[in-house]
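Reading the structure
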Amino acid sequence: MSKHVLIIGGGVIGLCTAYYTAQRGHRVTVVDCASESELGCSYGNAGMITPSHFVPLAAPGAIRLALKWMWNSESPFYMKPRFDSRLIEWAWKFYRAATVEHVTRSAPLILDLNLAGRACFVELAREWGDFKIEERGIVMVCNTEEGLEHELATAELSRELGLTVEILDAKRLMAMEPNLRMTVAGGIYFPSDAYLAPWQFMSALKKRVPSVRWSSTVSLRANGNRIQADIEADEYVICGGAWSSGIARDLKLHLPMQAGKGYSLTLQQPRKKPAHAMILSEARVAVTPMLNALRFGGTMEITGNDLSINPSRVRGIVKAVPKYLPEFNNDDFQDVKPWAGLRPCSPDGLPYLGRFARYENLSVATGHAMMGLSLGPITGKLMAQVLSGEQPSIALDSLSPDRYS
Ligand SMILES: Cc1cc2nc3c(=O)[nH]c(=O)nc-3n(C[C@H](O)[C@H](O)[C@H](O)COP(=O)(O)OP(=O)(O)OC[C@H]3O[C@@H](n4cnc5c(N)ncnc54)[C@H](O)[C@@H]3O)c2cc1C
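Just so you know, the residues in each chain are numbered from 1, in the order the chain's sequence is written. In keeping with the predicted nature of the model, local features appear solely for residues at pLDDT of at least 70, side-chain atom pairs appear and are counted solely at 80 or more, and the whole-chain, interface and lining totals rest on all residues. Side-chain descriptors were evaluated using all non-hydrogen atoms of the structure, hydrogens and water having been removed beforehand.

Points about the nonpolar core
Phe-131 and Phe-201 are the most contacted members of the largest nonpolar core, which has 66 residues in total. Helix and strand labels come from DSSP, where a helix needs a run of H or I of at least four residues and a strand needs a run of E of at least two; each type is numbered from the N terminus. Per-element tally for this core: the top contributor is helix H4 (residues 100-128), with 11 residues. Leaving out residues up to four positions away in the same chain, Phe-201 has contacts with Val-12, Cys-16, Phe-121, Leu-124, Trp-128, Phe-131, Leu-196, Leu-373 and Pro-377. Within the second largest apolar cluster, 31 residues are counted, among which are Met-176, Tyr-189, Ala-320 and Leu-325. We call a set of buried Ala, Val, Leu, Ile, Met, Phe, Trp, Tyr and Cys residues a nonpolar core when their side-chain atoms join them within 4.5 Å. Note on classification: 1.4 Å probe, protein chains only; a residue is buried when its accessible area is under 20% of the maximum for its type, exposed when over 50%, partly exposed between these limits. The criterion used for residue contact is that any of the two residues' heavy atoms lie within 4.5 Å.

Following this line, the structure appears as structure tokens:
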């Protein structure tokens, strides 16, 4: 039966949900409070499609590292200490989730989602023909032996999960990048990863989802166990990124989340372009060739839903680059306007996908943190299955939006 589905949020998650839902014969409307030209989190990201990122954000060691980085204004992580009950609850739940058992349980699911997501991108690129995916893999680049040790442990886990990895000493790594000078101890190559220019993908996606109402809002209200709104629909889906928990709260639903702010800097005419996308491991800086441009992205600031630019964090990214890629320096970034985006972060590092038990016509797709682009199409596909009353092709039990209620 064809339904009218109303989706709140026109980022990569909302638009992919709209695209795949419409493909199943439903009528779709997307409402986004931002204007079409306000380029949010789904546009300025690092463009990486990441089967290699199967370890959830909440993992052992994350808290120790966070506490170490907290006191350095140019480090890749910061949490603004504040008496906010929602932040305290989120931090406590994050702490509780950061265990070996959680990683062991979640990693295969995150990997499955990412691999299925990658396959969707390849299929869409072939079918649509108006965006390009680079299937060249991503390299984790380390400039210290300690960093390399850490990445080797992840490489080991990758192999156990069946993912192809190549361990590179400095010489082999430099041979992969013959046009670039590098100061490195070694790295890990993940050939199954891929990357793209997110703005190009988003514009291709927008063309196929014409029913977006930009600069619009819709107010949802509960009527018994159903949701109603000024725009009438059979199903409502919250895809509001970092704002989703506020939308859910208005309906008396508990969806703990914090915004994880990150920055990117895009060189339109870079003096050099790597042959692969890379992550400068110790500095947590992503470097992605995007068509003719080169984008550098990083940092995770838990400072609320605030998009202001903190110059110290941006400086942290700029200063890290020449430590690995000495041909770049401060001058390259002089006239570049930093971009900031808010990653929607759940406490256990897993997305929230599926229906809420409390309302029979309300679902959510959010909480993808650092993997929202990578998981965009597979999320859309799974949500379309949920909305059509089908069994999802990947089991969603551990991603239930009710898991903290
Ligand atoms: C620096 C950086 C680098 C990143 N790199 C990568 C990467 O390489 N690979 C990857 O997979 N991910 C990456 N990410 C993460 C990825 O960008 C996000 O996970 C993803 O964009 C989230 O998409 P979304 O659709 O959930 O949210 P958004 O893109 O934020 O979209 C949510 C939309 O909802 C709208 N909205 C909010 N509230 C309402 C409301 N009440 N009514 C109507 N509309 C509303 C907003 O205006 C917005 O347009 C990165 C993020 C950052 C910051």
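And the narrative resumes.
Some words on the pairing of strand E16 (residues 285-290)
Within E16, 6 of the 6 residues are buried, which leaves it mostly tucked inside the rest of the structure. Side-chain alternation along E16 places Val-285, Val-287 and Pro-289 on one buried face and Ala-286, Thr-288 and Met-290 on a second face that is also buried. Here, a strand pair is defined by DSSP locating no fewer than two bridges between the strands. Linking two consecutive strands that pair antiparallel, namely strand E15 (residues 277-280) and E16, is a turn of 4 residues; a positive phi of about 55° is found at Arg-284 within it. Pairing of E16 with strand E17 (residues 293-302) involves 6 bridges; the strand directions are antiparallel. Bridge assignment links Val-285 to a residue of E17, and that residue is Gly-298.

Some words on the pattern of salt bridges
One speaks of a salt bridge when a side-chain nitrogen belonging to Lys or Arg is within 4 Å of a carboxyl oxygen belonging to Asp or Glu. One pass over the structure, following the stated rule, counts 21 salt bridges. One salt bridge connects Arg-355 with Glu-235, and the closest N-O pair in it is separated by 2.9 Å. Of the two residues, Arg-355 sits in strand E19 (residues 352-355) while Glu-235 sits in strand E13 (residues 235-238), which places them 120 residues apart along the sequence. Judged by relative accessible area, which is 28%, Arg-355 ranks as partly exposed. Since its relative accessible area comes to 4%, Glu-235 is described here as buried. Across the salt bridge formed by Asp-306 and Lys-261, the nearest N and O atoms sit 3.4 Å from each other. You can see Asp-306 sitting in the loop between E17 and helix H9 (311-324) and its partner Lys-261 sitting in strand E14 (residues 258-267), a full 45 residues away along the chain. Three or more residues joined by partner-sharing salt bridges are found here, namely Lys-261, Glu-301, Asp-306 and Arg-313.

A look at the environment of Val-285
Of note, Val-285 is situated in strand E16. Considered as a pair, Val-285 and Val-318 are 33 residues apart in the sequence and their alpha carbons are 9.4 Å apart. Non-local contacts of Val-285, meaning those with residues more than four positions away in its chain, are made with Met-278, Ile-279, Leu-280, Phe-296, Gly-297, Ile-317 and Ala-320.

Some remarks on unusual backbone geometry
Even without glycine at this site, Lys-252 takes up a positive phi of about 65°. Structurally, the position occupied by Lys-252 is in the loop between helix H8 (244-249) and E14. Among the residues examined, Lys-252 registers a relative accessible area of 63% and is labelled exposed.

Digging into helix H1 (residues 12-23)
Multiplying one less than the number of residues by 1.5 Å gives the expected span of a helix. In this model H1 runs 16 Å from its N-terminal to its C-terminal C-alpha over 12 residues, within 8% of the 16 Å that 1.5 Å per residue would give. Burial runs high along H1: 10 of the 12 residues are buried. Residues of H1 that are buried: Val-12, Ile-13, Gly-14, Leu-15, Cys-16, Thr-17, Ala-18, Tyr-19, Tyr-20 and Thr-21. Gly-25 sits one or two residues past H1 and shows a positive phi near 95°.

Notes on the site of the ligand
Taken together, the neighbourhood of the ligand is formed by 33 residues, with Asp-32, Ser-42, Met-48, Ala-369 and Ser-374 sitting nearest. Here a polar contact is recorded for every N or O atom pair within 3.5 Å, except that within protein the pair must consist of a potential hydrogen donor and a potential acceptor, and residues adjacent in sequence are included only if both atoms are side-chain atoms. Here an oxygen atom of the ligand sits 3.1 Å away from a polar atom, N or O, in the main chain of Cys-41. For the ligand, whose accessible area on its own is 1000 Å², the fraction buried by protein is 91%. Elements that contribute at least two residues to the shell around the ligand include exactly H1, E14 and strand E18 (339-345). Here the element with the most residues in the shell around the ligand is E18; it accounts for 4 residues. For each residue, the test is whether any non-hydrogen atom lies within 4 Å of the molecule or strand; if one does, the residue is near. Accessibility throughout is a Shrake-Rupley quantity obtained with a 1.4 Å probe, and a residue counts as covered only by protein chains that appear here.

Examining the sheet that holds strand E5 (residues 133-134)
With respect to topology, 3 strands assemble into an open sheet ordered E3-E9-E5, the strand pairing being antiparallel. Two strands bound the open sheet, and with one partner strand each, they are strand E3 (48-49) and E5. Two strands pair when backbone bridges link them, and E5 and strand E9 (residues 194-196) are joined in this way by 2 bridges, in the antiparallel orientation. From the neighbouring strand, Ile-133 faces E9, where its bridge partner is Leu-196.

Overview of the state of the cysteines
Pairs of cysteine sulfur atoms within 2.5 Å are identified as disulfides in what follows. On inspection of all chains with the given rule, the structure shows 0 disulfides. This cysteine, Cys-33, is not joined by any disulfide, and Cys-239 carries the nearest cysteine sulfur, 13 Å off.

Remarks on the packing of H1 against helix H7 (residues 198-208)
H7 packs onto H1 with a crossing angle of 40° between their chain directions and a minimal axis gap of 10 Å. In terms of orientation, H1 and H7 fall into the oblique class. Read as a crossing pair, H1 and H7 show a hand that is left-handed. Taking contact as the criterion, the partners of Val-12, Leu-15, Cys-16 and Tyr-19 in H1 are, on H7, Phe-201, Met-202, Leu-205, Lys-206 and Arg-208. Note on residue categories: nonpolar means Ala, Val, Leu, Ile, Met, Phe, Trp, Tyr, Cys or Pro, charged means Asp, Glu, Lys or Arg, and polar means any other residue, Gly included. When grouped by side-chain class, the residues that make up the contact of H1 with H7 number 7 nonpolar, no polar and 2 charged. Note on geometry: axes are lines fitted to C-alpha atoms, helical ones only across the stretch in contact, with angles between N-to-C directions running from 0 to 180 degrees. When describing relative orientation, an angle under 35 degrees is termed roughly parallel and one over 145 degrees roughly antiparallel, while 65 to 115 degrees is termed roughly perpendicular and anything else oblique. Crossing handedness is read from the near helix: turned anticlockwise from the far helix by less than a right angle, it gives a left-handed crossing, and turned clockwise, a right-handed one.

Such coordinate-based values are descriptive only and should not be taken to indicate function.
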